[in-house]
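The lines below spell out each chain.
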Amino acid sequence: MAVVETRKLSKRFSDEVMAVDAIDLRSTDGEFLVLLGPSGCGKTTLLRMIGGLEPPTSGEILIGDRLVNHLPPRARQIAMVFQSYALYPHMTVYNNIAFPLKAQKVDKAALKLKVDWAALILGIDGLLDRKPRQLSGGQRQRVALARALVREPNVFLLDEPLSNLDAQRRASARDELQQFQRDIGTTTIYVTHDQIEAMGMGDRIVVIEQGRIRQIGTPREIYEEPADTYVATFVGSPPMNLIPDGGDLVGFRPESFFPLDDDGRSSGDDLVRFTLTDAREEYLGSEKLVYGEVNGVKAVARMATNAPLSVRDGGSAPFGVHKQDLRIFDRESGLRRQLARAAQVEPAPVSGAPGR
Ligand SMILES: Nc1ncnc2c1ncn2[C@@H]1O[C@H](COP(=O)(O)OP(=O)(O)O)[C@@H](O)[C@H]1O
Ligand SMILES: [Mg+2]
């Protein structure tokens, strides 16, 4: 096991492309750390630098508190699994898994023990005689993981390993992968552009945009206390509502809407009231989304289908949001204002259009 750390790690491919820009991060031992960001934000480049496949332009990489910049990939005791599993098509599953050990000239008996152990952990012990083309996408992914596992790495680097699976299979593969990581306890850095995957799997999430870290935090911190409007809208579906108010943006999640009764009243008085106009409901089964506008800006509410609110198409409805659910951002920089500031917000900001 090992801690992975980067210090001001950068990669410039050309004058225009600064793929990774002074990234500082430090995992804890055994952590499942997720790198989350849109396509092209530098996730793969960052992972490849940690793995030793891409030389940094500047900065340091430490694994187990040891500087590894000068070490080749195989000396870093890491294992990488990429989106394309790159299994050898002509080899059996057994030989695919055994491949890195053969390269290390491990003796045959020890090799068999390790392959059997890895196959058992990943639940593919019944598939050892098959060829990759005789496997499902999920099974191939597990073979790739087993091949990484036999090397008993200190760190796993996984780059969108589930993106080739269909949606249904992906959910269970996510679950299995997470379980597997908990069982073996190996520090894992996992790259994805899928915020749901990141939220479900990560001990912590590193949100990256254009080569820079926007925020590092637990899924709960990222969701509930986003550092800026980028994180607030990248994570969460639908994203956080942002309503301009002077030099600020008032943010709240779609599920923070509270239907008020026709008098605009509700129990408790820590509610900030406003009106959703030009509303339109979208039925989603167990819940519904209500799209509309607040103070002239698009907004969306999410609530249980049986919530005591029904809006005519194009109608308006009074809503409340608990003060504690408001997040205040600086409009210009997008940065979140201090929590203390949020607590001070009076009903004024979004009540330009009061309860009715
Ligand atoms: N070998 C390369 N040469 C030049 N530019 C590259 C190279 N690899 C990646 N890039 C550029 O660096 C940026 C980050 O790419 P990448 O790390 O693959 O992002 P991600 O994995 O987040 O999609 C992109 O603009 C990409 O086009
Ligand atoms: Mg990538």
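This one's a predicted model, so the numbers in the text were calculated from it and none came from an experiment.

Peer 1: Hey, could you go over the site of ligand 1 for me, with residue numbers and the actual values?
Peer 2: Close to ligand 1 lie Phe 13, Val 17, Ala 19, Pro 38, Ser 39, Gly 40, Cys 41, Gly 42, Lys 43, Thr 44 and Thr 45. At a separation of 2.6 Å, an oxygen atom of ligand 1 approaches a polar backbone atom of Gly 40. A distance of 2.8 Å separates an oxygen atom of ligand 1 from a polar side-chain atom of Thr 44. The protein chains hide 57% of the 560 Å² of surface that ligand 1 would expose on its own.

Peer 1: Could you give me a rundown of the confidence of the model for the protein, with the residues and numbers involved?
Peer 2: Of all residues in the protein, 92% have pLDDT values of 70 or greater, and the mean over the chain is 89. Confidence drops under a pLDDT of 50 for residues 340-356, and excluding neighbours within four residues, the segment shows 30 contacts in the predicted structure.

Peer 1: Help me get a handle on the sheet that holds strand β13 (residues 258-259), residues and values and all.
Peer 2: Taken together, five strands build an open sheet; the order of strands is β13-β17-β14-β15-β16 and the sheet is antiparallel. Each end of this open sheet is capped by a strand with a single partner; those strands are β13 and β16 (297-304). Pairing geometry for strand β14 (residues 271-283) and strand β15 (residues 287-294), over five bridges, is antiparallel. Paired with Tyr 283 across the bridge in β15 is Lys 288.

Peer 1: Could you give an account of helix α4 (residues 137-149), with specific residues and numbers?
Peer 2: The end-to-end C-alpha distance of α4, which contains 13 residues, comes to 18 Å, matching closely the 18 Å that a straight helix rising 1.5 Å per residue would cover. Burial analysis of α4 places ten of its 13 residues in the buried class, which makes it a mostly covered element. Taken together, the buried positions of α4 are Gly 138, Gln 141, Arg 142, Val 143, Ala 144, Leu 145, Ala 146, Arg 147, Ala 148 and Leu 149. On its buried face, α4 sits against β6 (78-81), α2 (93-103), α3 (108-121), β7 (155-159) and α5 (167-184).

Peer 1: Outline the sheet that holds strand β1 (residues 4-12), supporting the account with residue identities and numerical values.
Peer 2: Strand order in the open sheet formed by four strands is β2-β1-β4-β5, with antiparallel pairing between adjacent strands. Each edge of the sheet is formed by a strand with only one pairing partner; in this case those strands are β2 (18-26) and β5 (66-67). Of the pairings in the sheet, the one linking strand β4 (residues 58-63) to β5 comprises two bridges and is antiparallel in character. If you follow Ile 63 over to β5, its bridge partner there is Arg 66.

Peer 1: Pulling in residues and values, what's your account of the nonpolar core?
Peer 2: Judged by nonpolar contacts, the single largest core of 45 residues is most densely connected at Ile 97, Ile 124, Phe 156, Leu 177, Phe 180 and Tyr 190. The greatest single-element share of this core, amounting to six residues, is contributed by α4. Filtering out sequence-adjacent residues up to four positions away, Leu 177 remains in contact with Gln 141, Leu 145, Leu 158, Pro 161, Leu 162, Tyr 190 and Met 201.

Peer 1: Hey, could you go over the pattern of salt bridges for me, with residue numbers and the actual values?
Peer 2: Within this structure, the stated rule accounts for 22 salt bridges. The closest approach of N and O atoms between Arg 337 and Asp 330, which form a salt bridge, is 2.9 Å. A relative accessible area of 29% places Arg 337 in the partly exposed class. Counted as one network, the salt bridges with shared partners bring together Glu 5, Arg 7, Arg 26, Glu 60 and Asp 65.

Peer 1: Give a detailed account of the side chain of Arg 336, specifying residues and quantitative values.
Peer 2: When you line up the elements, Arg 336 lands in the loop between β18 (327-330) and α9 (339-344). Arg 336 gets classed as buried once you look at its relative accessible area, which sits at 16%. Polar side-chain contacts of Arg 336 include one of 2.6 Å to the side chain of Glu 225. The contacts of Arg 336, once residues within four sequence positions are left out, are Glu 225, Pro 226, Ala 227, Asp 228, Arg 327, Ile 328 and Phe 329.

Quick notes on the rules
- Residues numbered from 1 in each chain as written.
- Chains lettered and ligands numbered in written order.
- Predicted model: local features only at pLDDT ≥ 70, side-chain atom pairs only at ≥ 80, totals over all residues.
- Heavy atoms only, no water.
- Near = heavy atom within 4 Å.
- Polar contact = N/O pair within 3.5 Å; in protein donor to acceptor, adjacent residues only side chain to side chain.
- Areas by Shrake-Rupley, 256 points an atom, 1.4 Å probe, with all protein chains shown as cover.
- pLDDT = per-residue confidence, 0-100.
- Contact = heavy atoms within 4.5 Å.
- Pairing = 2+ DSSP bridges.
- Helix = DSSP H or I, 4+ residues; strand = E, 2+ residues; numbered from the N terminus.
- Expected span 1.5 Å × (residues − 1).
- Buried < 20%, exposed > 50% of the residue type's maximum accessible area, 1.4 Å probe, protein only.
- Core = buried A, V, L, I, M, F, W, Y, C linked by side-chain atoms within 4.5 Å.
- Salt bridge = Lys/Arg side-chain N within 4 Å of Asp/Glu carboxyl O.

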